Amino acid sequence: MTQTPTRDAGLDSPEPSPGPVRDDLPQLGLRGGLRFLWAQLSSMRTALVLLFALALAAIPGSLVPQRKISPVRVSDFIAAHPTLGPIYDKIGMFHVYTSPWFSAIYLLLFVSLIGCIIPRVGVYARAVRARPPRTPRHLSRLPAYASAEVGTADPDALLARAAGLLRARRYRVRVEGTSVAAERGYLREAGNLVFHISLIFVLLGAGIGALWGFRGTSVVIVGQGFSNNLTQYDDFAAGAEFTDSGLQPFSVTVRDFQVKFETGPVQRGAARLFRADVTVTDRPGATPRDVALEVNKPLKINGTTVHLIGHGYAPVVTVKDAQGDIAFSGPVVFLPQDGNFTSAGVIKAPDARPDRLAFEGIFLPTAVQTGTAAPSSAFPDALNPTLLLTAWSGPPKVETGAPENVYSLNTAGLTQLKTSAGAPFRIALQPGATVDLPDGQGSIQMSGVTRWVKLQVGDAPGIPISLGAIGFAVFGLCLSLFIRPRRVWIRVLPAEGGHSLVEVGGLDRADARGGLTEDVAELAAELSGTAGTEQEDPR
Amino acid sequence: MRFEYYSSLSLVLSVVVYALAMFAHAAEWAAARRDTSLETEPERQLVGARAGGSGRPSPGSTPAPAAGESPEGSGAVRQRVEQFGRVGVALTLVGFLLSVVGVVCRGLAAGRAPWGNMFEFTTSAMVFIVAAYLLMVWKANLRWLGLPLTLLAAVGNGLAVTVFYVAVAPLVPALHSVWFLIHIVAAAVAGAAFNVGGLMSVLYLLRKRAEDRGQVRGYLAWLPTARRIDLLTYRFHAFAFPLWTFTVAAGAVWAEYAWGRYWGWDPKETWALVTWVIYACYLHARSTAGWRGSKAAVVAIIGLASFWFNFVGINLLVSGLHSYAGV
């Protein structure tokens, strides 16, 4: 067991040791002050406080909505709490895990950890080469003690026998004078150090992933494809060291997407199967291969992973303008709003003439008549697909090239189409149906429904480091918790009548182990027993 | 259908039997109150416990009868305590077998491992907890933990069959993974050890307080010494902590497969980490001067509270990716 001047006993040492020396407090200079600070920071007590602080600081992030996980819930929260919301925002409650105070705690913790580990590695390196400590004068004062009288006067043979017994029990043995000193369990501290060093590598792996990694998502309609370049992403986040030349030039075509939902009485509507059949081309010119992409089976393409993380509906519509020309035709992505896939979306036909047309509304995969309530879907599968829209028209827009959100409609410059009674013109479409717009402005047809999948493409280069480090951490942890260092001393003293007195003393360096007394007694018995057979030897 | 019926039947019966076991252990404690002998030599006990190595020595040998007490009266009390204790363990064993039957039938009914929702996880975890306890009763004479443990088992399975119950259903696609077996079994086994350790910590605090006051009487005199309880508690936690580390890591690996990120600060992940950190505190506290003993025991109890909150609170109160309680 090792002790350092900066941190008192390790995970396991039962005996208390003095904390940082405080005698020199009055004449602290700058260096002394720094040293004192360092000693404080790397002390076990500080580590304990920091651990508690880390646990406490992590809690609010699980109770208050987090911007990274659910931005909508954060805005809802701020809207619902007009006074608390901005305060929370200011102190970083909506991004707890990247907030300065949370970062400060774990960085301090790791500094403290490093401050503890470095001296302990040195101490351990010396301890591991050291021989077992000398035999104490009074073995009977040790926590476990046994003695036995042996009927032989050959102390050297007894000592050799004792050393052999201890070596067989995998002790490191030192024979000196009339006694044997033995120690075992050196790997405990090694495990302890491996565990703590591994934790640093776990963080390092996470850091590498955060700096060099990227993650983005793309919505791909079934039948269409995705090729891995920045323009194809709907959202994209990358670390500071990431460059888009790091994107592997693969492409993925979604041929089919199968989804099944529970139709039985229990958990009706729960998802039971997601499966996208995709064709992957690893790089331009490579032979395409067919793969099934499922929830727990991501694709791995040259180090980049592709996950299937969402899906939804894309009604296929055809919009004709007032001149009878097709202004838009194809599937339109609608975004699910609830578990039954009541989906919202916008259909834009900017090329319609003389006026451009736009539609806004919801898609219900299983529409049910719910009286006066807002229309919604009753089941996530497309059993009764219905598209409910309102229509807008306006003079053609000047092409500016400015990007436009495809999921929302900016109604500036548009007027809503009304019925002759003045109410908003409402369109309800089912597959195959066509609705003519009022005043001969055109028509909209829904020819069917297809689905889209949301692919997440990403690379976190630190994962192998973190994963390996976790493996080492668990292994080191097991060593440090299950190996029980122990010291045993055996002394042979001459006794009356040509006999010898064998004394065995033992000390556990970790208090998790029982059986010290038994082991010591057993050693004493075995030594006297062996001698006993010698005694029978006629001499 | 039939398996599902037998599963529910066994589990409900197990609740009843666990409750009876709890009453037997309560009677054991109550009978021990009659034992007026005051333990006056904690030192002697300490040595005895160390020499014994495992658990309480044969219950007949302790507590030490106080001077001037009639040995007959004390002997009768001891016999009664012993009888109630044995009945408690026997009933616990019956309840355990019933809950094993219940969990196995549930698995057969669902055609998969029976830990896909809160009900199934609770009943499976209770099997692990009681198994750990019974094993230790057999190996290390842990019967003194009977009352809190049967209380936990009865309440756990009771909540499961009443509040958490959901009918058999297949799994959502996110759970179709080999990690479903690994991650959840590791969580359940680590949880079992944390629970047993936490209950011991409570008894440790009671016993320690009595020892510090020099008034170890009643059932507390039947407990091992505070030092011995502390040692056993530590061993349970030392077993559970690496396993919990593995559980969290395995969860991260699974999350990378299923959700495309290994750590996303989902509430369940956050609380798993919080629980981990608290138990790390416990291990450090146990070897820090001024934190050993009662303070460390309190930390262990806080850790257990955090474990429970992660299981019950996060499943029912907070929405997140781990929300498949189905309640």
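Trainee: Can you help me understand the overall build of chain B in this one?
Mentor: Tallying secondary structure elements over chain B gives nine helices and zero strands in all. If you list the helices and strands of chain B from N to C, you get α-α-α-α-α-α-α-α-α.

Trainee: Would you take a moment to explain the domain arrangement of chain A for this structure?
Mentor: By convention, interface size is frequently given as the accessible area that disappears when the constituent parts associate. For chain A, the assigned domains read domain 1 (34-123), domain 2 (132-184 + 484-536), domain 3 (211-311 + 456-472) and domain 4 (314-396 + 408-450). Centre-to-centre, using C-alpha coordinates, domain 1 of chain A lies 48 Å away from domain 4 of chain A.

Trainee: Help me out: how do you make sense of the sheet that holds strand 9 (residues 289-294) of chain A in this one?
Mentor: Working definition: the strands of a sheet are paired by backbone hydrogen bonds and lie parallel or antiparallel to each other. Residues and elements named next belong to chain A. Across the sheet, four strands lie side by side as 5-7-8-9; this open sheet has antiparallel pairing. The sheet terminates laterally at strand 5 (225-227) and strand 9, the two strands that pair on one side only. Across the sheet, the axes of successive neighbouring strands diverge by a mean angle of 30 degrees, strand direction being ignored. Direction of pairing for strand 7 (residues 251-261) relative to strand 8 (residues 271-281): antiparallel, over a ladder of ten bridges. Its bridge partner being in strand 8, Gln 258 is matched across the sheet by Arg 275.

Trainee: Is there a simple way to explain the nonpolar core in this structure?
Mentor: The nonpolar side chains of a soluble globular protein tend to be buried, and buried together. Ranked by internal contacts, the top residues of the largest apolar core, which has 172 residues, are Ile347(A), Phe359(A), Ile427(A), Leu142(B), Trp144(B) and Leu145(B). In this structure Phe359(A) touches Val319(A), Gly345(A), Val346(A), Ile347(A), Leu389(A), Thr390(A), Ala391(A), Ile427(A), Leu437(A) and Ile444(A), once residues within four positions along its chain are discounted.

Trainee: I'm lost on the interface of chain A and chain B in this one. Help?
Mentor: The interface of chain A with chain B comprises 61 residues on the first partner and 57 residues on the second. Summed over both sides, the interface of chain A with chain B buries roughly 4,800 Å², with 65% coming from carbon and sulfur. For the interface between chain A and chain B, the tally reads zero salt bridges. Connecting chain A to chain B are eleven residue pairs in polar contact (both at pLDDT 80 or more). Taken together, the elements giving at least two residues each to the side of chain A that touches chain B come down to helix 2 (44-58), helix 3 (60-63), helix 8 (187-212), strand 8, strand 11 (304-321), helix 9 (463-482) and helix 10 (516-536) of chain A. Residues of the side of chain A that touches chain B, tallied by class, amount to 37 nonpolar, eleven polar and 13 charged.

Trainee: Any chance you could explain the pattern of salt bridges here in plain terms?
Mentor: Side-chain pairs of opposite charge can arise where the charged atoms are in close proximity. Residues and elements named next belong to chain A. By the definition in use, this model includes 27 salt bridges over all chains. Close ionic contact of Glu 526 with Arg 169 constitutes a salt bridge, the shortest N to O distance being 3.3 Å. With a gap of 357 residues between them, Glu 526 in helix 10 and Arg 169 in the loop between helix 7 (155-168) and strand 2 (172-176) connect regions that are remote in the sequence. With a relative accessible area of 28%, Glu 526 lands in the partly exposed category. In this structure, Glu 183 engages Arg 487 in a salt bridge whose closest nitrogen and oxygen atoms are separated by 3.1 Å. Of this pair, Glu 183 sits in strand 3 (residues 179-184) while Arg 487 sits in strand 21 (residues 486-494), and the two are 304 residues apart along the sequence.

Trainee: Please clarify how the domain arrangement of chain B should be interpreted in this entry.
Mentor: All names here are of chain B. Taken domain by domain, chain B holds domain 1 (1-35 + 73-171) and domain 2 (174-327). On a C-alpha basis, the centroid separation for the pair domain 1 and domain 2 is 20 Å. With 29 residues of domain 1 in contact, the opposing surface of domain 2 contributes 32 residues. Together domain 1 and domain 2 conceal approximately 3,000 Å² of surface at their shared face, both sides included; 84% is due to carbon and sulfur atoms. Sorting the residues of domain 1 by area buried against domain 2 places Trp 115, Met 118 and Trp 144 first, and these three jointly supply 25% of that buried surface. Summed over the shared surface of domain 1 and domain 2, the result is three residue pairs in polar contact (both at pLDDT 80 or more). At the level of elements, helix 1 (2-33), helix 3 (71-110), helix 4 (118-140) and helix 5 (146-162) are the ones that each hand at least two residues to the side of domain 1 that touches domain 2. It is helix 4 that provides the largest number of residues to the side of domain 1 that touches domain 2, a total of seven residues.

Trainee: Whenever I open this one, the layout of surface pockets confuses me. Can you help?
Mentor: Empty space among the atoms becomes apparent when a probe as large as a water molecule is rolled across them. Residue and element names in this part refer to chain A. Here the second largest pocket is characterised by a volume of approximately 840 Å³. Around the second largest pocket, the lining is made up of 38 residues, and of these Lys 348, Pro 350, Glu 404, Asn 405 and Val 406 lie nearest the centre. Contributing elements (two or more residues each) for the lining of the second largest pocket: strand 4 (214-221), strand 5, strand 12 (326-331), strand 14 (343-349) and strand 15 (356-364). Split into classes, the residues belonging to the lining of the second largest pocket amount to 21 nonpolar, nine polar and eight charged. Composition of the lining of the second largest pocket by domain shows at least three residues from each of domain 3 (211-311 + 456-472) and domain 4 (314-396 + 408-450).

Trainee: What should I look at first to understand helix 8 of chain A in this one?
Mentor: One full turn of an α-helix is made of 3.6 residues, so residues set three or four places apart face in the same direction. In this model, helix 8 of chain A (26 residues) spans 36 Å end to end at C-alpha, consistent with the 38 Å of a helix rising 1.5 Å per residue. Burial in helix 8 of chain A covers these residues: Arg188(A), Glu189(A), Ala190(A), Gly191(A), Asn192(A), Leu193(A), Phe195(A), His196(A), Ser198(A), Gly205(A) and Gly209(A).

Trainee: What is the right way to read the state of the cysteines from this model?
Mentor: Simply put, the disulfide is a covalent bond whose two ends are the sulfur atoms of two cysteines. Counted by the stated rule, this structure contains zero disulfides over all chains. Between Cys478(A), a free cysteine, and Cys116(A), which holds the nearest cysteine sulfur, the sulfur-to-sulfur gap is 20 Å.

Trainee: Teacher, can you tell me more about the pairing of strand 3 of chain A here?
Mentor: Residues and elements named next belong to chain A. With six of six residues buried, strand 3 lies mostly within the body of the structure. Residues Ser 179, Ala 181 and Glu 183 of strand 3 are buried on one face, and the alternating residues Val 180, Ala 182 and Arg 184, pointing to the opposite face, are buried as well. In this structure, strand 2 lies alongside strand 3, joined through five bridges in antiparallel fashion. Looking across to strand 3, one finds that Arg 174 is bridged to Ala 181.

Quick notes on the rules
- Residues numbered from 1 in each chain as written.
- Chains lettered and ligands numbered in written order.
- Predicted model: local features only at pLDDT ≥ 70, side-chain atom pairs only at ≥ 80, totals over all residues.
- Heavy atoms only, no water.
- Helix = DSSP H or I, 4+ residues; strand = E, 2+ residues; numbered from the N terminus.
- Domains from an automatic or database assignment.
- Pairing = 2+ DSSP bridges.
- Axes fitted to C-alpha atoms, helices over the stretch in contact; angles between N-to-C directions.
- Core = buried A, V, L, I, M, F, W, Y, C linked by side-chain atoms within 4.5 Å.
- Buried < 20%, exposed > 50% of the residue type's maximum accessible area, 1.4 Å probe, protein only.
- Contact = heavy atoms within 4.5 Å.
- Buried area = accessible area lost by both parts, 1.4 Å probe.
- Salt bridge = Lys/Arg side-chain N within 4 Å of Asp/Glu carboxyl O.
- Polar contact = N/O pair within 3.5 Å; in protein donor to acceptor, adjacent residues only side chain to side chain.
- Nonpolar A, V, L, I, M, F, W, Y, C, P; charged D, E, K, R; others polar.
- 1 Å grid on protein atoms, 1.4 Å probe; cavity = no way out; pocket = protein on both sides within 12 Å on 5 of 7 lines; lining within 4 Å.
- Points joined across faces, edges and corners; volume = space filled by probe spheres on them.
- Expected span 1.5 Å × (residues − 1).
- Disulfide = S-S within 2.5 Å.

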